[in-house]
Amino acid sequence: MGTQESGGRTETTPSGGTGRRALLGAAVLGAGGAVLGPSGTARAAESRHGESRYGGRGLKGLPVPTIIGHRGASGYRPEHTFGAYDLALDLGADIVEAGDLVPTRDGHLVCRHEPEIGGTTDVADHPEFADRKRTKLLDGVFVTGWFTEDFTLAELKRLRAVERIAANRPHNTLYDGRWEIPTFEEVLRWQNEQTRGRGKQVWIYPELKHPTYFRKLGLGTEELLARLLRRHGKDRKNSPVVIQSFEPTSIQRMSRLVANPLAVLLSGANSRPWDFVENGDPRTVADLVTPKGLEEIASYAQGIGPTLDLVIPKDRAGNLTEPTTLVRDAHRAGLILHPYTMRNENPFLPADFRKGSDPDAYGDVFGAFRAYFATGIDGVFTDHPDTGLLAREDFRTG
């Protein structure tokens, strides 16, 4: 996903780390970004030719396949923390997915994997919030826990992030409690700080989570996001912020509010986007990935973020089969593809690339990357950006 925030991030300092196809089409090529000047107001970091003094050619200047740090470097730090975001840049990620955007009760956008925060924060350890535990119907599924929309920002700032999948990443629990929940406005400031400190444009890839659910609660997240982007001068076609959502109508709404590059996320072929369910649209993802469906998406978005299974399906044993025509068809429609999500650990890899059964052990992730890169995808989300970069180098050198 003005100075409305209640304080900055904790336990973080700005890092001073390192660092074929025209991505996202002509509509989004060019320079990116706004940076904060000494007064703290947004200033466009563009030359008279419209190019960022840090970004050069914008997304055209990024390597392909583009390596996108999924929720930061979430293979090494609790996801959606400034620790994970900083590390993703230190490891060389081309773009950082910062963050999954959900609202607070008082209308701030914060970065959490889901609105339910029992698994990603220490909220259960706060007796003062015990009575906030609820069971809610979230996109047709009953979910029990604590939800961001029941907290003010000031209350959420009393919580700290924890590792979400500790069974697979016990080493990440070392960092439990170190970082607070970031707001998206803090992310925009962090982006500016990192751009200045690293001398290169930092790109981010926020996702609007469950926008139909929140709109029914009176929390229009698209409008909240557009307002923030406009306030920081990052609502333009050349701004270094790519917006994504699993709900196509949400992306259509964003296309009317801002000029940023946009991407529609796509889950399993037989699934239906929740906005389609609510609106009575009978189509499934399988309909959206046909040439006709992709042409429709291309009328309001510049890219898609399909699950990797839509690129190369698996058989019943979990082994990779033959690639689909999705990459070819999407490219013909003028769309780029940034599939999700590559992870190093065995349980998340195709069966034919696993090594043993230890849920925390790494499999042949380089082999898996090679198989997906060979399809012609334009980039990939990964929890381990350093692995992705090495895999890209392997792929390029043969």
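Let me sum up the structure you'll find in this document.

Calculation notes
Residues numbered from 1 in each chain as written. Predicted model: local features only at pLDDT ≥ 70, side-chain atom pairs only at ≥ 80, totals over all residues. Heavy atoms only, no water. Axes fitted to C-alpha atoms, helices over the stretch in contact; angles between N-to-C directions. Helix = DSSP H or I, 4+ residues; strand = E, 2+ residues; numbered from the N terminus. Parallel < 35°, antiparallel > 145°, perpendicular 65-115°, else oblique. Left-handed = near helix turned anticlockwise from the far one by under 90°. Contact = heavy atoms within 4.5 Å. Pairing = 2+ DSSP bridges. Buried < 20%, exposed > 50% of the residue type's maximum accessible area, 1.4 Å probe, protein only. Phe/Tyr/Trp six-rings, centres within 6.5 Å; stacked < 30°, edge-to-face > 60°. Lys NZ or Arg CZ within 6 Å of the ring centre and 35° of its normal. 1 Å grid on protein atoms, 1.4 Å probe; cavity = no way out; pocket = protein on both sides within 12 Å on 5 of 7 lines; lining within 4 Å. Points joined across faces, edges and corners; volume = space filled by probe spheres on them. Nonpolar A, V, L, I, M, F, W, Y, C, P; charged D, E, K, R; others polar.

Quick look at the packing of helix α3 (residues 184-198) against helix α5 (residues 221-231) now. Closest axis-to-axis distance for the α3/α5 pair is 11 Å, and the angle between their directions is 30°. The angle between α3 and α5 places the two elements in the roughly parallel class. Crossing angle aside, the handedness with which α3 passes α5 is right-handed. Along its contact with α3, which presents F184, E185 and L188, the element α5 presents L225, L228, L229 and R231.

A few words now on unusual backbone geometry. The amide bond that connects A98 to the next residue, G99, takes the cis arrangement and shows omega of 5°. By the element assignment, G99 lies in the loop between β4 (95-96) and β5 (100-103). With omega at -15°, the peptide bond leading from Y340 into T341 counts as cis. Here T341 is to be found in the loop between β14 (336-337) and α12 (365-373).

Read from one edge of the open sheet, seven strands run β6-β5-β10-β11-β12-β13-β14, paired in mixed fashion. Two strands in the sheet have a free side with no partner beyond their single neighbour: β6 (109-111) and β14. Where strand β10 (residues 207-208) meets strand β11 (residues 243-245), two bridges bridge the pair, whose relative direction is parallel. Bridging across to β11, E207 finds its partner in Q244. Here α5 sits on the sheet in contact with β5, β6, β10 and β11, set at roughly 90° to β6.

Moving on: the sheet that holds strand β9 (residues 203-204). One open sheet holds the four strands; their spatial order is β9-β4-β3-β15, and the pairing between them is parallel. The sheet is open, and its two edges are formed by β9 and β15 (379-382), each paired on a single side. Judged from the two bridges that link them, β4 and β9 form a sheet pairing that is parallel. Bridge pairing in β9 links I95 to W203.

It is worth spelling out the pairing of strand β13 (residues 303-306) at this point. Judged by which residues are buried, β13 turns out to be covered on both faces: G303 and G305 on one side and I304 and P306 on the other are all buried. Pairing between strand β12 (residues 262-266) and β13: four bridges, direction parallel. Residue A263 lies in a different strand from β13, and its bridge partner there is G303. The pairing of β13 with β14 spans two bridges and is parallel. Residue pairing across strands places I304 opposite L337, the latter belonging to β14.

Considered for burial, the residues of α5 that qualify are T221, E222, L224, L225, A226, L228 and L229. Just downstream of α5, G233 is the residue with a positive phi angle, here 65°.

Let us look at the packing of aromatic side chains. The tally for this structure, following the rule as stated, stands at ten aromatic pairs. Note on Y213 and F214: the rings are 5.0 Å apart at their centroids and 70° apart in plane angle, and the pair reads as edge-to-face. With respect to burial, Y213 and F214 carry one shared label: buried. For the pair F246 and Y340, a centre-to-centre distance of 5.8 Å together with 90° between the ring planes defines the contact as edge-to-face. Of this pair, F246 sits in the loop between β11 and α6 (248-257) while Y340 is found in the loop between β14 and α12, placing the two residues 94 residues apart along the sequence. Lying across the ring of Y175, R77 places its NZ or CZ 4.1 Å from the centre. We note R343 situated over the ring of F348; from NZ or CZ to the ring centre the distance is 5.0 Å.

The next subject is the environment of I377. Among the secondary structure elements, I377 is positioned in the loop between α12 and β15. Look at I377 and you get buried, because its relative accessible area is 2%. C-alpha separation for the pair I377 and A330, spaced 47 residues apart in sequence, amounts to 9.8 Å.

Quick look at empty space enclosed by the protein now. By volume, the largest cavity is sized at about 30 Å³. Contributions of two or more residues to the lining of the largest cavity are made by α12 and α13 (385-397). Among the elements that make up the lining of the largest cavity, the one with the highest residue count is α13 (three residues). Within the lining of the largest cavity, the residues separate by chemical class into three nonpolar, no polar and two charged.

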